[in-house]
Amino acid sequence: MNPRPIEIVGGGLAGLSLGLALRRAEVPTTIFEAGKYPRHRVCGEFITGLAAPTIQRLGLAPFLADALQHREIAWFMREKRVRIQSLPSPALGLSRYVLDARLAEAFCAAGGILQGQTRIAEAAAPAGRVFAMGRRRGRPTWLGLKIHAIDLPLARELELHLGDQAYVGLSRIEGGQVNVCGLFRRRELGAKGAGLLVGYLQAAGLGELASRLNQAAFDPASFCAVAALGFDRQVFCSDRVQLGDACAMIPPFTGNGMAMAFQSAQIAVDPLIAYAQGAAEWPETMRKINREIRARFRVRLASASALHPYFLQPKRQQWLSLLNRARLLPLRPLYAALH
Ligand SMILES: Cc1cc2nc3c(=O)[nH]c(=O)nc-3n(C[C@H](O)[C@H](O)[C@H](O)COP(=O)(O)OP(=O)(O)OC[C@H]3O[C@@H](n4cnc5c(N)ncnc54)[C@H](O)[C@@H]3O)c2cc1C
């Protein structure tokens with residue numbers, strides 16, 4: 001019997017890594033992607049919690065081999081450096097511009113069909129179709145902004161700054177550049193590009209960081225923005241397979257969304273191969289994947305959602321600050337719960 005084909009809607013990290021693993025098992029695979037490559041994406045561009053079994057099962061090592069390894073995070077609360085956190089395992093620094101394009105190229109080289117600039121309606125979910133179309137739209141409250149800075153000195157290779165209804169990550173990536181990416185409560189500010197990001201920093205009480213950025217040069221083509229981020233949407237569904245952000249979006253402060261996209265692809269790959277080879281039917285395949293996704297991510301998502309307001313709201317940030325000063329902030333257990 002010829003293997004049954006798999007269709008993937010969305011060529012981000014979940015879709016591309018899954019597609020590549022399926023092609024390596026000779027499953028006929030098509031990815032429908034609304035955009036094209038390479039492209040910049042709103043993302044902090046540091047990956048935490050991506051463990052060896054996921055890298056191995058998806059064959060990701062060649063694509064991550066030159067990623068920078070960040071071992072410490074410098075935390076800033078309202079301009080003040082409050083903590084240097086050592087990470088249990090290094091966070092990987094690599095731009096989405098490079099990573100997504102590498103995966104797309106490898107998928108095509110492995111015989112996958114990549115239909116770029118093709119948007120698929122979400123309604124139909126026939127057998128063999130997997131949804132990996134990224135973040136769901138939420139309320140218009142939150143805005144994500146990002147840009148690559150060219151000559152920006154850092155306290156550590158990874159900095160995280162908490163402001164008023166905002167937080168911002170600075171992560172060193174390839175070519176000596178620094179990815180500056182923030183989550184902000186939406187305001188009416190009349191600027192564009194780097195100027196808009198600087199305006200948001202000032203409005204969030206992060207004036208010193210804004211001044212540092214004012215002295216840096218930028219790659220203007222790397223600027224991008226995304227509105228209406230739906231952190232509160234978790235869709236553990238049973239009537240279709242949804243991977244990565246399409247299933248649930250973990251708050252960005254964790255730096256774990258990309259790892260979750262890969263992990264969800266890892267969960268799906270063997271059941272999809274069994275389906276393609278005729279060893280399982282579609283309803284049972286969906287059940288298996290969805291059960292495993294729920295089991296793996298439910299507690300992590302709940303923990304991240306509960307903590308998220310403490311990174312955004314000034315009153316709750318004071319609690320974090322107090323615990324930190326008293327050396328009572330349980331960073332290791334928190335890291336373990338969020339990864
Ligand atoms: C402000 C912010 C900062 C972040 N920082 C980090 C970080 O530092 N570290 C980290 O690990 N994660 C971070 N994340 C999260 C991370 O970016 C996502 O978790 C990750 O990109 C999810 O991958 P994905 O494959 O599920 O979706 P995506 O990478 O979003 O890919 C989905 C793809 O589907 C395509 N698509 C959508 N709809 C359709 C359709 N109907 N038809 C065809 N194609 C479609 C899109 O064009 C897109 O290419 C951050 C997110 C935000 C918002």
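This text follows the structure it describes.
Now for a quick tour of the structure. Because the structure is a prediction, the values reported are computed rather than measured. (Residues numbered from 1 in each chain as written. Predicted model: local features only at pLDDT ≥ 70, side-chain atom pairs only at ≥ 80, totals over all residues. Heavy atoms only, no water.)

## Thoughts on the overall build of the protein chain
Thought 1: Summing up its helical and strand segments, the protein chain has 10 helices and 13 strands in all.
Thought 2: Taken over C-alpha atoms, the radius of gyration comes to 20 Å for the protein chain, in line with the 20 Å a tight globule of 339 residues would show.
Thought 3: Judged by the C-alpha coordinates and their principal axes, the protein chain covers about 65 × 40 × 35 Å.
Thought 4: Counting over 339 residues, the protein chain shows a buried share of 54%.
Thought 5: Across the protein chain, the fraction of contacts at a sequence separation of at least 24, relative to all contacts at a separation of at least 6, is 74%.
Thought 6: Roughly 14,800 Å² of accessible area belongs to the protein chain as shown, and the carbon and sulfur atoms make up 52% of that amount.
Thought 7: Looking at charge distribution, the protein chain has the averaged site of its 42 positive side-chain charges lying 6 Å from that of its 25 negative ones. (Helix = DSSP H or I, 4+ residues; strand = E, 2+ residues; numbered from the N terminus. Rg over C-alpha atoms; globule rule 2.2 N^0.38 Å. Buried < 20%, exposed > 50% of the residue type's maximum accessible area, 1.4 Å probe, protein only. Contact = heavy atoms within 4.5 Å. Areas by Shrake-Rupley, 256 points an atom, 1.4 Å probe, with all protein chains shown as cover. Lys, Arg positive; Asp, Glu negative; His and termini not counted. Charge placed at Lys NZ, Arg CZ, Asp CG, Glu CD.)

## Here's the deal with the sheet that holds strand S2 (residues 29-32)
Paired through backbone hydrogen bonds, the strands of a sheet run either parallel or antiparallel to each other.
Thought 1: Overall, parallel pairing links the 5 strands, which are arranged S6-S2-S1-S7-S13 in an open sheet. Two strands bound the open sheet, and with one partner strand each, they are strand S6 (113-115) and strand S13 (241-242).
Thought 2: Most of the contacts of helix H4 (residues 96-109) go to S6, to which it runs at about 130°, and overall it touches S2 and S6. (Pairing = 2+ DSSP bridges. Axes fitted to C-alpha atoms, helices over the stretch in contact; angles between N-to-C directions.)

## Comments concerning the side chain of glutamate 159
Thought 1: Relative to the helices and strands, glutamate 159 is located in strand S9 (residues 158-163).
Thought 2: One polar contact links glutamate 159 to histidine 161, side chain to side chain, over a distance of 2.7 Å.
Thought 3: Within the local environment of glutamate 159, its side chain forms a polar contact with the side chain of arginine 212, the two groups lying 3.0 Å apart.
Thought 4: Setting aside residues no more than four positions away along its own chain, glutamate 159 makes contact with Ala74, Phe76, Leu154, Val168, Gly169, Leu170 and Arg212. (Polar contact = N/O pair within 3.5 Å; in protein donor to acceptor, adjacent residues only side chain to side chain.)

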